[in-house]
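Residue-level structure breakdown
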Amino acid sequence: MTIIDGNKVAKEIKEEIAAKAKKIKEERGLALHLAAILVGHDGGSESYVNFKMKDCAEVGFDSSLIRFEDNVTEEELFEAIDKLNNNSAIDGFIVQLPLPRHIKEQKVIEAINPAKDVDVFHPVNVGKMMIGLPSFVSATPLGITILLKRYNIETSGKNCVIIGRSNIVGRPLSVLMSQKEMNATVTVLHSGSKNIKEICASADILISAMGKPNFVTADMVKDGAVVIDVGTTRIPSNQTKSGFKLSGDVDFENVAPKCSFITPVPGGVGPMTRLALLLNTLETVR
Ligand code: GUN
C-alpha cells in the first residue's frame, strides 16, 4: 500500500510554477497577480484564503485580499468584481464561498469575467471544460487527476466510483475521469443513490467527496482499490493550536491496509487543490 503524498507532489510542481512565473515576470515586467474576495469571518474560509495567499507568495505571484463584512450588499460586491474584471494588473481572482445568505451566489459567480475565473465556477468555463475545449480545470478535480498521473495509476477502463455530485468536485471530476485522457468508467453516487456500499465495493478507484467523517468503511473497499479522500470536515480537537483538525471521509486506519494507493487527510488532495488554483492562474497568460 502506498500513501499518496500530496504535499510532496504539490511542492515539486510549485517549483515548476515558480520558474515559469519568474519568466513571465521578466517578459512582461509584471508578476502574475491573483486576488481574492473574502466576505465575513468564517474560520474555514479565512484559513483557506490565507493559505491561497501564502501559496502565491511561495511561487512569486502577487496577491491581493479584498475583505467585506457579512452585511455587504450585492451592489458592493458587484462593484468590487467589476473593478477586478477591468483591472489589467489582476490576472485572476476568486470569490471565497460560501457567501452570506442575502447574497445570491450564482449571480456573483456569473459577474466574474470568465477569463479571470481561476476557480472555474462561471458557467462558460464549466461548459468548456465539460466538452473538452481548452479551459481552466476545476481545482480539486485537476489536483486529483495530477496525483493519479504522477503515481502512474492506471485509469483507462477502470471502474471509478465518485461519492458526491457537487458543482466543484463530484460532477466536474466525473466528466474529467470519463474523458478520453483518463478513460475510466464512471459512476456518481449521491443522496438519492441506492446500494451505495455494494457499488463502492466494485470500485477500482473510489473517490469520496461527501464531507462525512468515516463514511467510507473497510467493507466498502475492494482489495487493491485506489482510494482518494476529498473530505475536509473541520472537527474540534484539543491537539491543535487552532482547536480544529481536518477529518476526511475515509476510515483511514481500517481502509488503508486494503488499498493499493490511498490519500491521507490532511496532506493528500488538499495541497493539490491549492496547487490547481496556481496552475489556473498561470494558464491566464497562455
Ligand atoms: N469554498 C470552498 N471551496 C472553495 C473554492 O475552491 N473556491 C472558493 N472560491 N470558495 C470555496
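Further up the page is the structure itself.
These remarks concern the structure in this document. The structure presented is a predicted model; accordingly, all values stated were derived computationally and were not measured.

1. Focus: the nonpolar core
Ranked by size, the top nonpolar core spans 53 residues in total, and within it Ile17, Phe61, Ile207 and Ile228 carry the most contacts. At eight residues, helix H10 (residues 269–283) tops the list of elements feeding residues into this core. Those residues in contact with Ile17, other than ones at most four positions away along the chain, are Val59, Phe61, Leu275, Leu278, Leu279 and Leu282. Judged by nonpolar contacts, the second largest core, of 17 residues, contains Ile163, Ala225, Val250 and Val255.

2. Considerations on unusual backbone geometry
Following Leu97, the chain continues to Pro98 via a peptide bond in cis, the omega torsion being 5°. Relative to the assigned elements, Pro98 resides in the loop between strand S4 (92–95) and helix H4 (105–111). Cis geometry is adopted by the peptide bond preceding Pro266, which originates at Val265 and carries an omega value of -5°. One non-glycine residue, Asn152, adopts positive backbone phi at about 50°. Position of Asn152 among the secondary structure elements: in the loop between helix H6 (139–150) and strand S5 (159–163). The class for Asn152 is exposed, based on a relative accessible area of 69%. Of note, Asn214 is a non-glycine position whose phi angle comes to about 60°, a positive value. Within the fold, Asn214 resides in the loop between strand S7 (205–208) and strand S8 (226–229).

3. So, the packing of helix H2 (residues 43–59) against H10
Across the interface, H2 lies against H10 with an axial gap of 10 Å and an inter-helix angle of 55°. The angle between H2 and H10 falls in the class oblique. Considering only the axes of H2 and H10, their crossing is right-handed. Contacts from Phe51, Lys52, Lys54, Asp55, Cys56 and Val59 of H2 reach H10 at Arg274, Leu277 and Leu278. In the contact of H2 with H10, the residues fall into five nonpolar, no polar and four charged.

4. A few points about the site of the ligand
Near the ligand the following residues occur: Lys52, Val95, Gln96, Leu97, Asp119 and Phe121. Val95 is positioned with one of its backbone polar atoms (N or O) 2.8 Å from a nitrogen atom of the ligand. Take Asp119: an N or O atom from its side chain is 2.6 Å from a nitrogen atom of the ligand. For the ligand, the protein covers 77% of the area, taking 280 Å² as the surface of the free molecule. Of the residues that constitute the shell around the ligand, the class distribution is three nonpolar, one polar and two charged.

5. Section: the pattern of salt bridges
Scanning all chains against the criterion turns up 15 salt bridges. Note that Glu26 is salt-bridged to Lys22, the shortest N-O span being 3.6 Å. Residue Glu26 and its partner Lys22 are located together in helix H1 (residues 6–28), separated by four residues, close to a single helical turn. With relative accessibility at 57%, the residue Glu26 sits in the exposed group. Residue Lys22 is classed as exposed on the basis of its relative accessible area of 57%.

6. Points about the sheet that holds strand S11 (residues 261–262)
Strand order in the open sheet made by the six strands is S1-S11-S8-S7-S5-S6, with parallel pairing throughout. Of all strands in the sheet, those with a lone pairing partner are strand S1 (2–3) and strand S6 (185–189), marking the two edges.

7. Details of the packing of aromatic side chains
Each pair of aromatic rings is reported with the distance of its centres and the angle of its planes. Counted according to the given criterion, the structure contains one aromatic pair. Aromatic side chains Tyr151 and Phe261 sit 6.2 Å apart centroid to centroid with 75° between the ring planes, which places their arrangement in the edge-to-face category. Remark: Phe261 occurs in strand S11 and Tyr151 occurs in the loop between H6 and S5; sequence separation between them is 110 residues. By relative accessible area, which is 18% here, Phe261 ends up buried. Its end group placed over the ring of Phe244, Arg234 keeps NZ or CZ at 4.2 Å from the ring centre.

Conventions and cut-offs
- Residues numbered from 1 in each chain as written.
- Predicted model: local features only at pLDDT ≥ 70, side-chain atom pairs only at ≥ 80, totals over all residues.
- Heavy atoms only, no water.
- Core = buried A, V, L, I, M, F, W, Y, C linked by side-chain atoms within 4.5 Å.
- Buried < 20%, exposed > 50% of the residue type's maximum accessible area, 1.4 Å probe, protein only.
- Helix = DSSP H or I, 4+ residues; strand = E, 2+ residues; numbered from the N terminus.
- Contact = heavy atoms within 4.5 Å.
- Axes fitted to C-alpha atoms, helices over the stretch in contact; angles between N-to-C directions.
- Parallel < 35°, antiparallel > 145°, perpendicular 65-115°, else oblique.
- Left-handed = near helix turned anticlockwise from the far one by under 90°.
- Nonpolar A, V, L, I, M, F, W, Y, C, P; charged D, E, K, R; others polar.
- Near = heavy atom within 4 Å.
- Polar contact = N/O pair within 3.5 Å; in protein donor to acceptor, adjacent residues only side chain to side chain.
- Areas by Shrake-Rupley, 256 points an atom, 1.4 Å probe, with all protein chains shown as cover.
- Salt bridge = Lys/Arg side-chain N within 4 Å of Asp/Glu carboxyl O.
- Pairing = 2+ DSSP bridges.
- Phe/Tyr/Trp six-rings, centres within 6.5 Å; stacked < 30°, edge-to-face > 60°.
- Lys NZ or Arg CZ within 6 Å of the ring centre and 35° of its normal.

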